Amino acid sequence: MKLAYWPGCVSRGFTPELHGAMAAVAPKLGLELVELDRANCCGAGVIAEHNQELVDALNARTFALAQKVDGAAGMMNICSTCQGAQSECQERLDADAAYRTHINEHLEPEGLEYEKGGAWWNKNFLWLLVEEIGLDVLRERVVRPLDGLRVGPFYGCYIVRPTRRLGFDFYPDRDRYLEQVIEACGAEPVAYAGSHKCCGFPVITLNRETSLRQAGRHMADALDAGADCVVTPCPLCHLNLDLQQPEAQPFVERDLGMPVLHLPQLVGLALGLDVKALGLHRHVVKTDAVQDKVAALAAAA
Amino acid sequence: MPDYTLKIRRFDPESGRPAYWQEFGVDLPEERSVLDAILRAKDEQDGSLSIRCSCQAAICGSCGVRINGMSRLACNTKLSEAAEDGRNGAIVVEPMGNMPVIKDLIVDMDAVHWKKVQRVVPWLLPEGDPPAREYIVDPESMIDVTQSMACIHCGACVSACLSLEVDPEFIGPAALAKAYRFVGDPRDAHTEDRLLDLAEDPHGIYDCTHCFACVEVCPKDVAPMDQIMRLRRRATADYGIKDQNNGYGHEKAFTDLIEKYGTLSEAQLLPKSYGDGSLIRAQVKPAALKELGAKFPTVIRGLTSGKVSPKTALLHHKLQDQDQIRRIYEEVESKEDRLELNLYIVGESGGEEEGATSEGGQEE
Ligand code: SF4
Ligand code: SF4
Ligand code: SF4
Ligand code: SF4
Ligand code: FES
């Protein structure tokens, strides 16, 4: 399947291990990714807060670039926040023809146009895995079932709320996909209080205490529920849960040491990819315990 | 008639007993509400079961509870729908969150919700003597606040708010939505004071983590988070309020970086946002230095863990077509009024034929 691919800024900046893992996993799943290297940041909710017309024009530009990729089935992103921010703009663009025409005027000098199309979609890798590739196909391709690995899902707000905007009418299980993918990889999903809550990233520079209390609490809950690691489809969540985890510890008054995997890393492990190729050594919270469990599996097989 | 099982969290502080769960079986048709089922159980099985309610038509806002973990109106939730999301065949009903429980499903709205609503001065503060007859306002200008007026004070958003969960002092979604109702009202004369107050408060508009929980649960589509974003927009763009929480700096730094590079560079975002968008100022402002110092270990950790190379941290490349991004910025920002499409007013696909946009922004 050929896809227009928006990796997002963070995967190319502060979480390069995500970008690398996705590149390694794609061919294993028969995905051909055409990276949108001329596209711009989705605004992550901040540009929307500043000016709606601006953010709608910027994301319409990304959609238009994606629609120009010849033979692409649709557009894929690997960031819950991109998904939410872009879906918000798409909702407005699709709702009102006059508004869409007006926004398209900003793209015209560049020869671009966003076309509303019933069949055109923009999906996070998580949605794509379940809806376009299919869990059966994923299961077939798993060569190293992650037997005994206990994984806590962490979705990220932007990919589960608001449900009306995010297509839950049509795909009501979108808030259960992570559990389904964890299972398809042969691992065991762990339920804990924070799985669908907020990591606190958007206020890390505005109210550090609120932000780190959220991150710390969720990791502590996952730890108490017996998770070996958590997995997230959002690199911004990863920043607050992994990069900031040592800073979050004092706010919950305990040591955490909870490894946080990116979704393509978990899938890559099950597809038999090497831990180095997946960048598991490039995390702040050491992933050694996860690596050891996986190595033991490989030895057993 | 289908048989439904309700699993209700009970608590009576006067009993000396801790909270406990109790199950009730109720026979009612599937289109009846969870409130109907609770009242039936109270009527036929245990008269001490307590819940607040009145209108039974999603108008009075008194029957807010959590059903299968979601904050909602009991009278507005069908049994069939609730049973579908239920756990182990039971519909789980709990009192709302983030507020103390008085008894069973009744929470103390005064202690949290109403106190916070009062905090935002929820009445009109016009200037000078009132006109001899009515106030005349441009109908267009009132459209912008209709959404925030739809609130029925049920407290569902307060119950679901993920910032409140970790910071009980956060002013919260319902009260901030109410604040916008007056900030957006052209008759009010204290717009700037109101915004200044809410921007400078560490538990004000910049303490919202943008989690959409309030948007998801509100039975009246008030979208409190959207109202909070409107407050931020007015505070920064219209009044240039440089708050101590760094809300202004963060927004300005982010928006400017995209204008300059097209994509985001986190390494620059941090220092710039503490200097109200300027790298230089960040290095001379004492408060900015302190905050940056607190962040320094994080950046170093990013480098030493091999996560980020010094090259990515320090060099950020411009997009190929950066002049196009800059042109779009200029076209949009050079306008006098901001263009906003509010789907609450237009309807989700209702505007497909004609455009119905509202011009927000500065009136003075
Ligand atoms: S959400 Fe993040 S990663 Fe996605 S485009 Fe925006 S800034 Fe980049
Ligand atoms: S969980 Fe955090 S980073 Fe992720 S989407 Fe929510 S706020 Fe953003
Ligand atoms: S979006 Fe903001 S106000 Fe709404 S629930 Fe989340 S943190 Fe609370
Ligand atoms: S904003 Fe909505 S959820 Fe919140 S109190 Fe008002 S009606 Fe209830
Ligand atoms: S009883 Fe009035 S809103 Fe439910």
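Residues numbered from 1 in each chain as written. Chains lettered and ligands numbered in written order. Predicted model: local features only at pLDDT ≥ 70, side-chain atom pairs only at ≥ 80, totals over all residues. Heavy atoms only, no water.

Novice: For this particular structure, what's the right way to read the overall build of chain B?
Specialist: Along its length, chain B carries 17 helices and 9 strands. Considering only contacts in chain B between residues 6 or more positions apart, those separated by 24 or more positions represent 63%. Per element, the accessible surface of chain B, about 16,700 Å² overall, is 50% carbon and sulfur. (Helix = DSSP H or I, 4+ residues; strand = E, 2+ residues; numbered from the N terminus. Contact = heavy atoms within 4.5 Å. Areas by Shrake-Rupley, 256 points an atom, 1.4 Å probe, with all protein chains shown as cover.)

Novice: I keep staring at helix α16 (residues 322-333) of chain B and nothing clicks. Help me out?
Specialist: Because an α-helix completes one turn every 3.6 residues, residues spaced three or four positions apart along the sequence face the same direction. The terminal C-alpha atoms of α16 of chain B, which comprises 12 residues, lie 16 Å apart, in line with the 16 Å expected from a rise of 1.5 Å per residue. Those residues of α16 of chain B that fall on the buried side of the exposure criterion are Q322, Q324, I325, R327, I328, Y329 and V332 of chain B. Close packing links the buried residues of α16 of chain B with α3 (46-50), α4 (52-67) and α6 (97-107) of chain A together with α11 (247-261) of chain B. (Expected span 1.5 Å × (residues − 1). Buried < 20%, exposed > 50% of the residue type's maximum accessible area, 1.4 Å probe, protein only.)

Novice: Would you mind going over the side chain of S50 of chain B with me for this structure?
Specialist: Residue and element names in this part refer to chain B. Looking at the secondary structure, you find S50 in the loop between α1 (34-44) and β3 (64-67). Judged by its relative accessible area of 12%, S50 is buried. At 2.8 Å, the side chain of S50 forms a polar contact with the side chain of K103. Setting aside residues no more than four positions away along its own chain, S50 makes contact with K103, D104, L105 and I106. (Polar contact = N/O pair within 3.5 Å; in protein donor to acceptor, adjacent residues only side chain to side chain.)

Novice: So what exactly am I meant to see when it comes to the pairing of strand β3 (residues 74-77) of chain A here?
Specialist: It is a general feature of regular strands that their side chains alternate between the two faces of the sheet. Note: strand β1 (residues 2-6) of chain A against β3 of chain A, 4 bridges, orientation parallel. Counterpart to A4 of chain A in the pairing with β3 of chain A is M75 of chain A. (Pairing = 2+ DSSP bridges.)

Novice: Would you mind showing me how to read the site of ligand 2 here?
Specialist: Neighbouring ligand 2 are the residues T81, F154, G156, C157, Y158, C198, C199, F201, P202, C234, L236 and C237 of chain A. Grouping the amino acids of the shell around ligand 2 by side-chain chemistry returns 10 nonpolar, 2 polar and no charged. (Near = heavy atom within 4 Å. Nonpolar A, V, L, I, M, F, W, Y, C, P; charged D, E, K, R; others polar.)

Novice: Can you help me understand the interface of chain B and chain A in this one?
Specialist: It is common to give the size of an interface as the accessible area that goes away when the parts come together. Between chain B and chain A, the contact holds 73 residues from the first and 74 residues from the second. Counting across the chain B and chain A interface gives 7 salt bridges. One salt bridge in this structure joins R61 of chain A and D321 of chain B, with 3.4 Å as the shortest N-O distance. Our count for the chain B to chain A interface comes out at 25 residue pairs in polar contact (both at pLDDT 80 or more). In terms of residues, the side of chain B that touches chain A owes the most to one element, α16 of chain B, which gives 8 residues. Split by residue class, the side of chain B that touches chain A holds 29 nonpolar, 21 polar and 23 charged. (Salt bridge = Lys/Arg side-chain N within 4 Å of Asp/Glu carboxyl O.)

Novice: What is the right way to read the pairing of strand β5 (residues 90-94) of chain B from this model?
Specialist: Residues and elements named next belong to chain B. Counting buried positions along β5 yields 5 of 5 residues, so the element is predominantly enclosed. Side chains A90, V92 and E94 project from β5 onto one buried face, and the interleaved I91 and V93 project onto a second face that is buried too. Two elements, strand β1 (residues 3-10) and β5, share 4 bridges in a ladder whose sense is parallel. Note that in β5 the partner of L6 across the bridge is I91. The pairing of β3 with β5 spans 2 bridges and is antiparallel. When the sheet's bridge partners are listed, R66 is paired in β5 with E94.

Novice: Is there a simple way to explain the pattern of salt bridges in this structure?
Specialist: Side-chain pairs of opposite charge can arise whenever the charged atoms involved come near each other. Residues and elements named next belong to chain B. One pass over the full model with this rule turns up 45 salt bridges over all chains. One salt bridge connects D36 with R32, and the closest N-O pair in it is separated by 2.9 Å. Among the salt bridges present, the one from R234 reaches D238, with a minimum N-O distance of 3.1 Å. One end of the pair, R234, and the other, D238, are both in helix α10 (residues 224-238), 4 residues apart, so they sit about a helical turn from each other.

Novice: What's the story with the site of ligand 1 in this structure? I'm lost.
Specialist: In the vicinity of ligand 1 there are 13 residues, among which C9, V10, C41, C42 and C82 of chain A approach most closely. One finds residues of chains A and B in close proximity to ligand 1. Counting residues per element, the ones that place at least two in the shell around ligand 1 are α1 (9-12) and α5 (80-95) of chain A. In terms of residue class, the shell around ligand 1 is built from 10 nonpolar, 3 polar and no charged.

Novice: Looking at this model, I keep getting lost on the sheet that holds strand β5 (residues 150-153) of chain A. Mind explaining?
Specialist: Sheet strands associate in pairs through backbone hydrogen bonding, adopting either a parallel or an antiparallel arrangement. Residue and element names in this part refer to chain A. The 4 strands lie next to each other as β6-β5-β7-β8, forming an open sheet whose pairing is parallel. Looking at which strands have only one partner, the edges of the open sheet turn out to be β6 (188-189) and β8 (260-262). As paired strands, β5 and β6 are joined by 2 bridges and run parallel to one another. Note on β6: the bridge partner recorded for V151 is P189.

Novice: Is there a simple way to explain the packing of aromatic side chains in this structure?
Specialist: The description of an aromatic ring pair rests on the distance of the ring centres and on the angle between the ring planes. Tallying each qualifying case throughout the model produces 5 aromatic pairs over all chains. Aromatic pair Y114 of chain A and W120 of chain A: ring centres 6.1 Å apart, planes at 70 degrees, arrangement edge-to-face. Neither residue differs from the other here; Y114 of chain A and W120 of chain A are each classed as buried. On the basis of an interplanar angle of 85 degrees and a centroid distance of 5.1 Å, the ring pair of F170 of chain A and Y171 of chain A is categorised as edge-to-face. Judged by relative accessible area, which is 66%, F170 of chain A ranks as exposed. Feature note: the residues F63, Y114 and W120 of chain A constitute an aromatic cluster, connected by ring pairs. The residue whose ring lies beneath R174 of chain A is W127 of chain A, and the NZ or CZ to ring-centre distance is 3.6 Å. Of note, K7 of chain B hangs over the ring of W21 of chain B, and the distance from its end group to the ring centre comes to 5.1 Å. (Phe/Tyr/Trp six-rings, centres within 6.5 Å; stacked < 30°, edge-to-face > 60°. Lys NZ or Arg CZ within 6 Å of the ring centre and 35° of its normal.)

Novice: Would you take a moment to explain the nonpolar core for this structure?
Specialist: The nonpolar side chains of soluble globular proteins are, as a tendency, buried together. The biggest cluster of nonpolar side chains holds 76 residues, and the ones touching the most others in it are L6, I38, V93, I205 and L231 of chain B. When residues in this core are grouped by element, the largest group, 6 residues, is from helix α7 (residues 173-183) of chain B. Every residue in contact with I205 of chain B, bar those within four places of it in the chain, is listed here: L176, L198, A199, I228, L231, R232 and A235 of chain B. Judged by nonpolar contacts, the second largest core, of 75 residues, contains A39, V69 and V284 of chain A together with L257 of chain B. (Core = buried A, V, L, I, M, F, W, Y, C linked by side-chain atoms within 4.5 Å.)

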